[in-house]
Amino acid sequence: MKKKLTSLLKSVKSIAIVGASSNSNRDSYIVMKFLIDYGYKVFPVNPNETNNKILGKKCYSNLKSIKEKINMVDIFR
């Protein structure tokens, strides 16, 4: 499983994170920071955070509002 996940992550460049949070104690924040630190282009998605930036990234209200190509969607619930 780890090998498949590593292979998958090597093949993607941009990731939308649905359920992203500006709360640094939340897993979605921690994962988003990790992905940014490793060079991924990250798009936070959360309708409750739309007027905010999370880790300096514009937060989108839904996936359709992202006009750039997304390779992977990570969902936090």
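Please read these numbers as outputs of a predicted model, since none were measured by experiment. Sequence order as written defines the numbering, with residues in each chain counted from 1. With pLDDT at 70 or above as the cut-off, local features in this predicted model cover only qualifying residues; side-chain atom pairs require 80 or more to be listed or tallied, and sums for whole chains, interfaces and linings still use all residues. Remark: hydrogens and water are excluded; side-chain values derive from all non-hydrogen atoms of the structure.

**Student:** Before we move on, could you go through unusual backbone geometry and cite the residues and values that matter?
**Tutor:** For L55, which is not a glycine, the phi torsion comes out positive at approximately 50°. The helix and strand labels rest on DSSP assignments: H or I over at least four residues marks a helix, E over at least two residues marks a strand, and numbering proceeds from the N terminus. Secondary-structure assignment places L55 in the loop between β3 (53-54) and β4 (57-58). Residue class for L55 comes out partly exposed when judged on its relative accessible area of 32%. Exposure is judged per residue with a 1.4 Å probe applied to protein chains only, and the accessible area is read against the type maximum: over 50% gives exposed, under 20% gives buried, and values in between give partly exposed.

**Student:** Would you mind going over the nonpolar core in detail, with residue names and values included?
**Tutor:** Grouped together as the largest cluster of nonpolar side chains are 12 residues: V12, I15, I17, A20, Y29, M32, L35, Y40, V42, I54, C59 and M72. With three residues, the top contributor of residues to this core is helix α2 (residues 27-37). Leaving out residues up to four positions away in the same chain, I54 has contacts with A20, S21, S22, Y29, M32, P44, E49 and C59. Among buried residues, those of type Ala, Val, Leu, Ile, Met, Phe, Trp, Tyr and Cys that are joined through side-chain atoms within 4.5 Å constitute a nonpolar core. Judged by nonpolar contacts, the second largest core, of five residues, contains A16, F43, V45 and I66. Contacts were defined at the residue level, with two residues in contact if any of their heavy atoms lie within 4.5 Å.

**Student:** Go over the sheet that holds strand β1 (residues 14-18) with me, naming the residues and quoting the values.
**Tutor:** Backbone hydrogen bonds are what pair the strands of a sheet, in a parallel or an antiparallel way. Two strands form a pair only when DSSP identifies at least two bridges running between them. A sheet is described by the order of its strands in space; here three strands give the open sequence β2-β1-β5, paired in parallel fashion. Only two strands of the sheet have a single partner each, and these edge strands are β2 (41-45) and β5 (72-75). Taking the axes of each pair of neighbouring strands and ignoring which way they run, one obtains an average angle of 20° across the sheet. Two elements, β1 and β2, share five bridges in a ladder whose sense is parallel. Paired with I15 across the bridge in β2 is V42. Each axis is a line fitted through C-alpha atoms, and for a helix only the stretch in contact is used; angles between axes span 0 to 180 degrees, taken between their N-to-C directions.

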